[in-house]
Amino acid sequence: MADLDVGDLAPQFDLPRDGGGSLSLAAFSGKPIVLYFYPQDDTTSCTQEAISFSRLKPDFEKAGAVVIGLSPDTARKHDKFKSKYNLTIDLAADEERKVIEAYHLWVEKSMYGRKYMGVERATFLIGRNGRIAGIWRKVRVKGHAEEVLEAVRAL
């Protein structure tokens, strides 16, 4: 399967979310959507990234965009994560990794010489038309939320 590219239609989803209910791309049709994928709640980099997006949430909203974080954690774990760090962004639970795989982000990783499968930290900016407007792969957390916000403003 080929990776997704700018201009491709974003794969749709409807997933359980923090706080109950579900999150879907269709619910935000006509708005820019920042969909960021992260490996696991309550780890150092994932926490820093979620805090950064939460801090900038009012700026994303002012630009008309919605921010959704997505990981394979459960909605219940997302609730604890949000509560612990006072996060304000929406979090989707992809326990079966169907969306993660649809975005080609279930990849082989390596740490200290050990290989394993995991979620690649990546962000997709989805335009008002449902097409991918920007892609950031193998994200470094520092400054990332600010960079994505600038791309949203440029839409």
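Below is a summary of the structure that appears in this document. Computed from a predicted model, the values in this text were never measured in an experiment. (Residues numbered from 1 in each chain as written. Predicted model: local features only at pLDDT ≥ 70, side-chain atom pairs only at ≥ 80, totals over all residues. Heavy atoms only, no water.)

## What to know about helix 3 (residues 75-85)
- Among all positions of helix 3, only Ala-75, His-78, Phe-81 and Lys-82 are buried. Down the axis of helix 3, the buried set is contained in an arc of 110°. They therefore lie on one face. For helix 3, exposure combined with an orientation more than 90 degrees from the buried face picks out Arg-76, Lys-80, Ser-83 and Lys-84.
- Looking one or two residues past helix 3, Asn-86 carries a phi angle of roughly 55°, positive in sign. (Buried < 20%, exposed > 50% of the residue type's maximum accessible area, 1.4 Å probe, protein only. Helix = DSSP H or I, 4+ residues; strand = E, 2+ residues; numbered from the N terminus. Arc of directions from axis to C-beta.)

## Quick word on the packing of aromatic side chains
- Applying the stated criterion across every chain yields a total of eight aromatic pairs.
- Through pairs of rings, three or more aromatic residues link up here, namely Tyr-36, Tyr-38, Phe-53, Phe-60, Phe-81 and Tyr-85.
- Over the ring of Trp-106 we find Arg-97, and its NZ or CZ is 3.8 Å from the ring centre. (Phe/Tyr/Trp six-rings, centres within 6.5 Å; stacked < 30°, edge-to-face > 60°. Lys NZ or Arg CZ within 6 Å of the ring centre and 35° of its normal.)

## Observations regarding the environment of Leu-125
- Tracing the sequence through the fold places Leu-125 in strand 8 (residues 122-126).
- For the pair formed by Leu-125 and Val-107, sequence separation is 18 residues and the distance between their alpha carbons is 20 Å.
- With residues up to four places along the chain from it excluded, the contact list for Leu-125 reads Ile-33, Val-34, Arg-131, Ile-132, Ala-133, Gly-134, Trp-136, Ala-151, Val-152 and Leu-155. (Contact = heavy atoms within 4.5 Å.)

## A closer look at the side chain of Asp-94
- As for its placement among the helices and strands, Asp-94 is situated in the loop between strand 5 (90-93) and helix 4 (98-102).
- The side chain of Asp-94 sits in the buried core without any salt bridge; Arg-97 is the nearest counter-charge, 7.4 Å away.
- From its side chain, Asp-94 meets the backbone nitrogen of Lys-98 in a polar contact 3.1 Å long.
- There is a polar contact of 3.0 Å between the side chain of Asp-94 and the backbone nitrogen of Val-99.
- If we ignore the near neighbours within four places in the chain, the residues touching Asp-94 are Leu-15, Leu-70, Ser-71, Pro-72, Asp-73, Val-99 and Ile-100. (Lys, Arg positive; Asp, Glu negative; His and termini not counted. Salt bridge = Lys/Arg side-chain N within 4 Å of Asp/Glu carboxyl O. Polar contact = N/O pair within 3.5 Å; in protein donor to acceptor, adjacent residues only side chain to side chain.)

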